[in-house]
Each structure stands twice: as structure tokens, then as C-alpha cells.
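Residue-level structure breakdown
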Amino acid sequence: MGMPAEERLGLDIKRAEQALIAAKQVAVRPAGLTVPQYAALFALADSPGISGAALARACLVTPQAMTVVLKNLEERGFVERSPHPWHRNVLETRLTETGRAALQAADERALVVERSIAAELSAEERTTLRDLLTRCGEAITRATAEL
């Protein structure tokens, strides 16, 4: 092997990501949401009227995956979609009061996870971690371009 297992960081990053997703799933489930649905509602709260494509980019998923998430949220009355006033092919998406209530219930529990992570690190360490993760993402992008 070209690199010993103990030197590979990808597995450590993946373990942390899986632990985070599993914890968030436990947190948001009582509100009747999945993690992707919670992420969509969270992004919509900050960007009312956003298109499905822009929401997909904000949530780091494909437009096709977001279409499924939005369909489920709309069927449950958590979001409303309507044609954009000028761009008729674009649907604007907004939270409903039911969606806002579900988001608030889910976010209260998700904050327990976020605060637990934050409590493990000093403010300086959190900044360093963000910087390191950004650099990891950039390195992955560069490596992908070389493949």
C-alpha cells in the first residue's frame, strides 16, 4: 500500500461525519423530520423564496435529491411552493407555520449536538478546525481534478 492506514485521514473524517449524522437523526426524528429535511427547512428559514436548485446547493445535495425532499415536505404541509413572479419555470419555496414549528422543535434538539461539539473545543480550536476542514476540502478538490 502506498500509505499506511494509520496515516490516512479520510476514515477519521468519515467517522466524525457519520457520528454527527447519526446524532442529528436522533435529534430531529421526534419532530418528524429526517436530517435532509431538517437541513432544507433550516436553509429555507434563512432564505425564503429560494429555488429548489439553490436550496440543493445550500444543502450540498443534488437537485434530484432535493426534489424528493421538497416533495415530501410539501405533502406534509411544511413548505409551500409557488411560481416566481418573473421566472415562471422557477418555483419559490417558503416555510409554512407547520414547517416553522417542526424546524423549531428539531433545532432545539439539534442544538444539543452542536453545543456538545462546541464545548469540546476552545474558540481558537473551533476556528482552527474550520480552517483545517476547509483546507481538506480544497485538497480533495485538487486531487479530484488530477484523477
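Our structure is the block above this text.
This text gives an overview of the structure that appears in the document. Counting from 1, residues in each chain are numbered in the order their sequence is written. Selection of residues for local features in this predicted model requires a pLDDT of at least 70, selection of side-chain atom pairs for listing and counting requires 80 or more, and totals for whole chains, interfaces and linings are taken over all residues. Water and hydrogen atoms were dropped before computing side-chain values, which therefore reflect all heavy atoms in the structure.

A few words now on the nonpolar core. In this structure, L33, Y38, A40, L41, L55, M66 and L73 are the most contacted members of the largest nonpolar core, which totals 24 residues. Helix numbering and strand numbering both begin at the N terminus, where a helix is a DSSP run of H or I of at least 4 residues and a strand a DSSP run of E of at least 2. Secondary structure elements with two or more residues in this core: α2 (35–46), α3 (52–59), α4 (63–75) and α5 (97–119). In terms of residue count, α2 provides more of this core than any other element does, 6 residues in total. In contact with L55, other than residues within four places in its own chain, are A40, A43, L44, I50, M66 and L70. Nine residue types can take part in a nonpolar core, namely buried Ala, Val, Leu, Ile, Met, Phe, Trp, Tyr and Cys, and a core is a set of them joined through side-chain atoms within 4.5 Å. Accessible area is worked out with a 1.4 Å probe on protein chains only. A residue is then buried under 20% of its type maximum, exposed over 50%, and partly exposed in between. Every residue pair with non-hydrogen atoms within 4.5 Å of one another is taken to be in contact.

Salt bridges, as used here, are contacts in which a Lys or Arg side-chain nitrogen is within 4 Å of a carboxyl oxygen on Asp or Glu. Considering all chains together, one arrives at 5 salt bridges under this definition. A salt bridge links R15 to D12; its shortest N-O distance comes to 3.7 Å. Here D12 and R15 lie together in helix α1 (residues 10–28), a separation of 3 residues that amounts to about one turn. Here D12 falls in the partly exposed class, since its relative accessible area comes to 43%. A salt bridge links K24 to E114; its shortest N-O distance comes to 2.6 Å. Linking K24 in helix α1 with E114 in helix α5, this pair joins segments that are 90 residues apart in sequence. Its relative accessible area of 36% is what places E114 among the partly exposed residues.

With that out of the way, let us pick up the side chain of K24. Note on K24: relative accessible area 11%, which makes it buried. Setting aside residues up to four positions removed in sequence, K24 forms contacts with V35, A110, V113 and E114.

This part takes up α5. The length a helix should cover is 1.5 Å for every residue beyond the first. In this model α5 runs 32 Å from its N-terminal to its C-terminal C-alpha over 23 residues, within 8% of the 33 Å that 1.5 Å per residue would give. A residue's bend is the angle separating two fitted axes: one through the seven residues that end there, the other through the seven that start there. The sharpest bend along α5 reaches about 25° and sits at E108. Among the residues of α5, those classed as buried are G99, A102, L103, A106, D107, A110 and V113. On the buried face of α5, the contacting elements are α1, α2 and β2 (91–95).

Remark: α2 packs on α4, axes separated minimally by 10 Å, with the N-to-C direction vectors making an angle of 85°. Taken together, the axes of α2 and α4 lie roughly perpendicular to each other. Across the interface between the two elements, P36, Q37, A40 and L41 from α2 touch M66, V69, N72 and L73 from α4. Three classes are used: nonpolar for Ala, Val, Leu, Ile, Met, Phe, Trp, Tyr, Cys and Pro, charged for Asp, Glu, Lys and Arg, and polar for all others, with Gly counted as polar. Of the residues contributing to the contact of α2 with α4, the split by class is 6 nonpolar, 2 polar and no charged. Angles here are taken between N-to-C directions and fall from 0 to 180 degrees, while the axes themselves are lines fitted to C-alpha atoms, restricted in helices to the stretch in contact. For classification purposes, angles smaller than 35 degrees are called roughly parallel, those larger than 145 roughly antiparallel, those between 65 and 115 roughly perpendicular, and all remaining angles oblique.

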